Amino acid sequence: MNETELSKLYSPSDFREIGHQLVDMLADHLDQTQSQKEQAVLTYQDPEKELAYWKDDMSSDSNIMDFYKKVLDRSIHVHHPRYMGHQVAVPSVISSLSGLVTDVLSNGTGVYEMGMASNALERIVTDFVAKKIGYESDAAGFLTSGGTLANLTALLAARKAKAPGMVWEEGHKEKLAVLVSEEAHYCIDRAARILGFGADGIIKVPSNEFYKIDTSLLAAYLENAKSKGLAVIAVVGCASSTSTGSYDDLEMLATFAEDNNLWFHIDGAHGGGVIFSEKYKYLAKGIDKADSVAIDFHKMLLTPALNTALIFKNGEDSYKTFEQKAQYLWDSQHSREWYNSGKRTFECTKLMMSLKVYSIIKMYGEDIFEKNMDRLYDLGKVFAKLIKERAKFELLIDPEANIVNFRYNDVSSEVINSFNSRIREELILLGKFYIVQTMVGENRYLRTSIMNPLTEKEDFIALLDEIQRIADSFK
Ligand SMILES: Cc1ncc(COP(=O)(O)O)c(C=O)c1O
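Residues numbered from 1 in each chain as written. Predicted model: local features only at pLDDT ≥ 70, side-chain atom pairs only at ≥ 80, totals over all residues. Heavy atoms only, no water.

Here's the deal with the pairing of strand E7 (residues 308-312)
Phase 1 of the analysis: In terms of burial, E7 is largely enclosed, as five of its five residues are buried.
Phase 2 of the analysis: Because side chains alternate across E7, one face comprises the buried residues Thr308, Leu310 and Phe312, and the other comprises Ala309 and Ile311, equally buried.
Phase 3 of the analysis: Summarising the sheet, strand E6 (residues 292-296) and E7 pair through five bridges and their orientation is antiparallel. When the bridges of E7 are listed, Ala294 appears paired with Leu310. (Buried < 20%, exposed > 50% of the residue type's maximum accessible area, 1.4 Å probe, protein only. Helix = DSSP H or I, 4+ residues; strand = E, 2+ residues; numbered from the N terminus. Pairing = 2+ DSSP bridges.)

Below is the structure:
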C-alpha cells in the first residue's frame, strides 16, 4: 500500500458519502423492523451454513453497502416489537448515534488526557446514578464493560476490604468465599473462581418459592462455611435474578452483612434500574445500604451494549481495588484522581461509554429511564395476566420485573419439557417472534424478557396464539 492508498482510510469524503448512505439504510431498517410486525425478528441459519455464506462473501466482489445490508438481514432485530428474548436493551437512536461519535474519536478514556470530555461526563453520569441509589455524597463509581466485569471488580474490592492480609501483594492464604443465591447469574460463580476461591468459595444459598435467596438459611450457611475453615468476605444480592427477574430481600441482606462484617454487593445488572422508578423502586429497598452496586445501562436503560455503572457507597473503596504502578500512565498509584478512570477499572483502553448515557439524558431528560422501566415492568404484568387467562398455559410466578416464564402444559408430565423445547425451536425457525427458555429446577420454561417499550398487548396475544398453533400441529 502506498501513501495515497493509506490516506483513503481516512478520507472525509468517503466518510460523508458512505456515512450518509449507511444512516439512510439504518433508518429504513429501524422503520421496517418497528412498523412491519410480520417481518422476521430473526432469519435463523445453521452456524456452518452461516460461516460458508460469509466465506463466499469474502471472495465476492460485492460492495460495502451490500455487505452492510447482508449483515442487517442476517442479524437478530432487537428493535422488532416481537423481540422478547435475551436481556439486551433496545438502544435509543441517540445513544447509537453517540456510538458513531465515540468510534470516530476513539478516545481511550483510561487516562484523562485520552478522554477529557468522556471522563468528565462519566463523573456526571455515575454521580447521578449514585444519587438515585440513595447514596451520600462520598459515593463514587465508574463505567465499565458489562455486568460480568463490574461484578468481578466489586468482588475484588470486597477482597481488598475484607480479606485478611495484603492480598494484592502476597495473594491470599485463607480459603476465601462469597455467599450468593443459587439463582444468581453465572458470572458471580465465575468471578469467585477467577479470584481463586475455587468451587468451595462460591456458596450458593437455596432460594424460596419466589426464587429469592432464602434469608432464613444465611446464618447456617455462614456458620457451616466457617466450620470448614472458609473466610467468607461478601454476600451478593440479586436485583434482580436473571432467570425469573426476582429481587432478593436487600434489606435483610444488608442487615446480615453488617452483623457479620461482610461486604454487601448488589448485582443490579438487570433490574437495578428500578432506582429511577417511583413505582418500582420498592423492589430494591435497601439498595442504598450496599457497599457496591452494578447496574447495566445496556439492559434496561436504553444504551447499546456494553455499558455498566459500578458504584461504591464509599468512593474511597473504588480506588483500592487495583493498586498497581503504571508510571507511564500516572504519577502515583496512591492518588485518587477520578479523571484517570483507568485507575479504578479493569480496562486500560476503555470505551467512551458515558456519551451513550449522557446523550439520552441530555435529549430526553432524566425521567426517560423511569418511563422505560415502568413501561417494561408494566408490560410484564400485562403478559402474565394473558397467560393466566389461558387454561393450556401455565405461568411460573407473577413477575416482579419484565421477565416472564411460562409453559404450554396441555401435555403429559413425561414430555412437557421436550414439548416446550420443540415449541421454542419451531418459533425460532419461523422467526416471527424471538423468545428464549430456561430450566427451573427440573422443569423447562419458555422465557421472555420484555425489552422493547414498543411491544404491545396484541404482540403477546399473537405470541400465545402462535404457540397454541404450533402445539396443535405437534399433536
Ligand atoms: C443478573 C445479571 N447479572 C450479570 C449479568 C451479566 O451482565 P453482562 O452481560 O453485562 O456481562 C447478567 C446478564 O444477563 C444478568 O442478568
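Some words on helix H7 (residues 147-162)
Phase 1 of the analysis: Its 16 residues place the ends of H7 22 Å apart at the C-alpha level, agreeing with the 22 Å of an ideal helix rising 1.5 Å per residue.
Phase 2 of the analysis: The complete set of buried residues in H7 reads Gly147, Ala150, Asn151, Leu152, Thr153, Ala154, Leu155, Leu156, Ala157, Ala158 and Arg159. (Expected span 1.5 Å × (residues − 1).)

Points about unusual backbone geometry
Phase 1 of the analysis: The residue after Ala239, namely Ser240, is reached through a cis peptide bond having omega 5 degrees.
Phase 2 of the analysis: Here Ser240 is to be found in the loop between strand E4 (230-238) and helix H11 (250-259).
Phase 3 of the analysis: For the peptide bond that leads from Ala305 to Leu306, omega is -10 degrees, which places it in the cis range.
Phase 4 of the analysis: Position of Leu306 among the secondary structure elements: in the loop between helix H12 (297-300) and E7.
Phase 5 of the analysis: Non-glycine residue Thr109 carries a positive phi angle of around 75 degrees.
Phase 6 of the analysis: Here Thr109 shows up in the loop between helix H5 (93-105) and helix H6 (116-133).
Phase 7 of the analysis: When its relative accessible area of 0% is taken as the criterion, Thr109 is described as buried.

Structural notes on a nonpolar patch on the surface
Phase 1 of the analysis: On the surface, Phe15, Leu97, Leu100 and Val104 cluster together to form a nonpolar patch covering roughly 380 Å² of accessible area.
Phase 2 of the analysis: Of all the elements, H5 adds the most residues to the nonpolar patch, at three residues.
Phase 3 of the analysis: Locating Leu97 in the fold gives a position in helix H5. (Patch = residues over 30% accessible without salt bridge, like charges linked within 9 Å, V, L, I, M, F, W, Y side chains within 5 Å. Areas by Shrake-Rupley, 256 points an atom, 1.4 Å probe, with all protein chains shown as cover. Salt bridge = Lys/Arg side-chain N within 4 Å of Asp/Glu carboxyl O.)

A closer look at the site of the ligand
Phase 1 of the analysis: What surrounds the ligand is a group of 14 residues, the closest being Gly147, Thr148, Thr242, Asp267 and Asp296.
Phase 2 of the analysis: A distance of 2.8 Å separates an oxygen atom of the ligand from a polar side-chain atom of Thr242.
Phase 3 of the analysis: Contacts to the ligand include Asp267, whose side-chain N or O atom sits 2.6 Å from a nitrogen atom.
Phase 4 of the analysis: Protein chains bury 86% of the 390 Å² of accessible surface belonging to the ligand in isolation.
Phase 5 of the analysis: For the shell around the ligand, the secondary-structure elements that each account for two or more residues are H7 and H12.
Phase 6 of the analysis: In the shell around the ligand, the residues fall into two nonpolar, nine polar and three charged. (Near = heavy atom within 4 Å. Polar contact = N/O pair within 3.5 Å; in protein donor to acceptor, adjacent residues only side chain to side chain. Nonpolar A, V, L, I, M, F, W, Y, C, P; charged D, E, K, R; others polar.)

So, the pairing of strand E10 (residues 436-440)
Phase 1 of the analysis: Residues Val436, Thr438 and Val440 line the buried face of E10, whereas the alternating positions Gln437 and Met439 sit on a face that is not buried.
Phase 2 of the analysis: Across five bridges, the pairing between E10 and strand E11 (residues 443-449) is antiparallel. Each residue of the ladder has a partner; that of Thr438, found in E11, is Tyr445.
Phase 3 of the analysis: Hairpin remark: E10 followed by E11, antiparallel, with two residues in the connecting loop; positive phi at Gly441, about 60 degrees.

A short note on helix H16 (residues 416-430)
Phase 1 of the analysis: The terminal C-alpha atoms of H16 lie 21 Å apart, and with 15 residues this matches the ideal 21 Å at 1.5 Å per residue to within 8%.
Phase 2 of the analysis: Those residues of H16 that sit buried are Ile416, Phe419, Asn420, Ser421, Ile423, Arg424, Leu427 and Ile428.
Phase 3 of the analysis: Turning to H16, the residues buried within the fold contact strand E9 (403-408), E10, E11 and helix H17 (457-474). (Contact = heavy atoms within 4.5 Å.)

A word on the packing of helix H3 (residues 47-59) against helix H4 (residues 64-73)
Phase 1 of the analysis: H4 packs onto H3 with a crossing angle of 170 degrees between their chain directions and a minimal axis gap of 12 Å. Taken together, H3 and H4 sit at an angle that is classed as roughly antiparallel. Across from Tyr53, Trp54 and Asp57 in H3, the residues of H4 making contact are Phe67, Lys70 and Val71.
Phase 2 of the analysis: Broken down by class, the residue content of the contact of H3 with H4 amounts to four nonpolar, no polar and two charged. (Axes fitted to C-alpha atoms, helices over the stretch in contact; angles between N-to-C directions. Parallel < 35°, antiparallel > 145°, perpendicular 65-115°, else oblique.)

Observations concerning the packing of H16 against H17
Phase 1 of the analysis: Across the interface, H16 lies against H17 with an axial gap of 10 Å and an inter-helix angle of 115 degrees. For H16 against H17, the interelement crossing comes out right-handed. Of the residues in H17, those in contact with Phe419, Arg422, Ile423, Glu426, Leu427 and Leu430 of H16 are Leu463, Glu466, Ile467, Arg469, Ile470, Ala471 and Phe474.
Phase 2 of the analysis: Looking at the contact of H16 with H17 residue by residue, the classes come out as nine nonpolar, no polar and four charged. (Left-handed = near helix turned anticlockwise from the far one by under 90°.)

Observations concerning the packing of aromatic side chains
Phase 1 of the analysis: For the coordinates displayed, the defined rule picks out 20 aromatic pairs.
Phase 2 of the analysis: Ring centres of Trp338 and Tyr339 lie 5.4 Å apart, and the angle between their planes is 85 degrees; this geometry places the pair in the edge-to-face category.
Phase 3 of the analysis: Its relative accessible area of 29% is what places Trp338 among the partly exposed residues.
Phase 4 of the analysis: The interplanar angle of 35 degrees and the centroid separation of 6.3 Å between the aromatic rings of Phe393 and Phe406 together place this pair among those described as tilted. Remark: Phe406 occurs in strand E9 and Phe393 occurs in strand E8 (residues 393-395); sequence separation between them is 13 residues. Grouping residues by exposure puts Phe393 and Phe406 together as buried.
Phase 5 of the analysis: Aromatic rings pair up to connect Phe383, Phe393, Phe406, Tyr408, Phe419, Phe460 and Phe474 into one cluster. (Phe/Tyr/Trp six-rings, centres within 6.5 Å; stacked < 30°, edge-to-face > 60°.)

Overview of the domain arrangement of the protein
Phase 1 of the analysis: The domain boundaries assigned to the protein delineate domain 1 (100-364) and domain 2 (368-474).
Phase 2 of the analysis: At the junction of the two partners, domain 1 supplies 31 residues and domain 2 supplies 22 residues.
Phase 3 of the analysis: Note on domain 1 versus domain 2: buried area summed over both sides is about 2,200 Å², and carbon and sulfur give 64% of it.
Phase 4 of the analysis: Of all residues in domain 1, the largest losses of buried area upon contact with domain 2 belong to Ser243, Tyr280 and Met300, amounting jointly to 27% of the total for that side.
Phase 5 of the analysis: One can count two salt bridges joining domain 1 with domain 2.
Phase 6 of the analysis: For Lys212, the salt bridge goes to Glu400, with nearest N and O atoms at 2.8 Å.
Phase 7 of the analysis: Our count for the domain 1 to domain 2 interface comes out at 13 residue pairs in polar contact (both at pLDDT 80 or more).
Phase 8 of the analysis: Per-element accounting of the side of domain 1 that touches domain 2 gives the leading share, four residues, to helix H14 (residues 354-364). (Domains from an automatic or database assignment. Buried area = accessible area lost by both parts, 1.4 Å probe.)

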